[in-house]
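Chain residues, written in single-letter form:
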Amino acid sequence: QVQLVESGGGLVQAGGSLRLSCAASGSIFRLGAMGWYRQAPGKQRELVASITNIGSTNYADSVKGRFTISRDNAKKTVYLQMNSLKPEDTAVYYCNAALKITWYDTYVGYWGQGTQVTVSS
């Protein structure tokens, strides 16, 4: 049973920082790209940042220069360092990972349960 467990959300004032973590566990043959998405009330889920298994990164325009995604392959963990937070960053943040259970599987995407980030003005 594969699980993605997120941590690090919370309440912070505008201009502050938070660091999210997402650890993958269970029977995993290979971990592919990992990423963070967010969903604000009444809005669609959107990609925040992603990172491939060799470290190539991609960011939404709205977070470039403020957020940094990184990963530790040995720990099967992806991080999102969020600096200069704004009220519009308030959302539930979800971790996503593409992984193979066995060598003959194709990559399948898994989601974490989400962690709330609230930025007060």
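Just above, that's the structure.
Residues numbered from 1 in each chain as written. Predicted model: local features only at pLDDT ≥ 70, side-chain atom pairs only at ≥ 80, totals over all residues. Heavy atoms only, no water.

(A) Main features of the overall build of the protein chain. Each helix and strand in the protein chain was counted, giving 0 helices and 11 strands. Walking the protein chain from its N terminus toward its C terminus, one meets helices and strands in the order β-β-β-β-β-β-β-β-β-β-β. A compact globule built from 121 residues would reach a C-alpha radius of gyration of about 14 Å, and the protein chain, at 14 Å, matches this within 12%. Reported as C-alpha extents along the three principal axes, the dimensions of the protein chain are approximately 50 × 25 × 25 Å. In the protein chain, 57% of the contacts between residues at least 6 apart in sequence involve partners at least 24 apart. Surface accessibility of the protein chain: about 6500 Å² in total, with carbon and sulfur atoms responsible for 49%. (Helix = DSSP H or I, 4+ residues; strand = E, 2+ residues; numbered from the N terminus. Rg over C-alpha atoms; globule rule 2.2 N^0.38 Å. Contact = heavy atoms within 4.5 Å. Areas by Shrake-Rupley, 256 points an atom, 1.4 Å probe, with all protein chains shown as cover.)

(B) Layout of the pairing of strand E3 (residues 18-25). Two elements, strand E1 (residues 3-7) and E3, share 5 bridges in a ladder whose sense is antiparallel. Along E3, the bridge assignment pairs Glu6 with Cys22. Two elements, E3 and strand E8 (residues 77-82), share 6 bridges in a ladder whose sense is antiparallel. Looking at E8, one finds that Ala23 is bridged to Thr77. (Pairing = 2+ DSSP bridges.)

(C) Structural view of the sheet that holds E8. Overall, antiparallel pairing links the 4 strands, which are arranged E1-E3-E8-E7 in an open sheet. Bordering the open sheet on either side are E1 and strand E7 (67-72), each of which pairs with just one other strand. Across the sheet, the axes of successive neighbouring strands diverge by a mean angle of 15°, strand direction being ignored. (Axes fitted to C-alpha atoms, helices over the stretch in contact; angles between N-to-C directions.)

(D) Inspection of the packing of aromatic side chains at higher detail. All chains considered together, the criterion is met by 3 aromatic pairs. Between Tyr37 and Trp111, the aromatic rings sit 5.0 Å apart at their centres with planes inclined by 65°, giving edge-to-face as the arrangement. Of this pair, Tyr37 sits in strand E4 (residues 30-39) while Trp111 is found in strand E10 (residues 108-111), placing the two residues 74 residues apart along the sequence. On the accessibility criterion, Tyr37 (24% relative accessible area) is partly exposed. Overall, the relative accessible area of 41% leaves Trp111 in the partly exposed class. Pairing Trp103 with Tyr104 gives two aromatic rings, centres 5.4 Å apart and planes at 90°, and the pair type is edge-to-face. The burial state of Trp103 is the same as that of Tyr104; both residues are exposed. (Phe/Tyr/Trp six-rings, centres within 6.5 Å; stacked < 30°, edge-to-face > 60°. Buried < 20%, exposed > 50% of the residue type's maximum accessible area, 1.4 Å probe, protein only.)

(E) Representation of the environment of Arg19. With respect to the helices and strands, Arg19 occurs in strand E3. Residue class for Arg19 comes out partly exposed when judged on its relative accessible area of 47%. A C-alpha to C-alpha distance of 18 Å links Arg19 and Ala40, two positions 21 residues apart in sequence. Every residue in contact with Arg19, bar those within four places of it in the chain, is listed here: Ser7, Gly8, Tyr79, Leu80 and Gln81.

(F) Examining the side chain of Asp89 more closely. Of note, Asp89 is situated in the loop between E8 and strand E9 (91-100). Exposure remark for Asp89: the relative accessible area of 1% places this residue in the buried category. Look past the residues within four positions of Asp89 in its chain and what remains in contact with it is Arg38, Arg66, Phe67, Ser84, Val117 and Val119.

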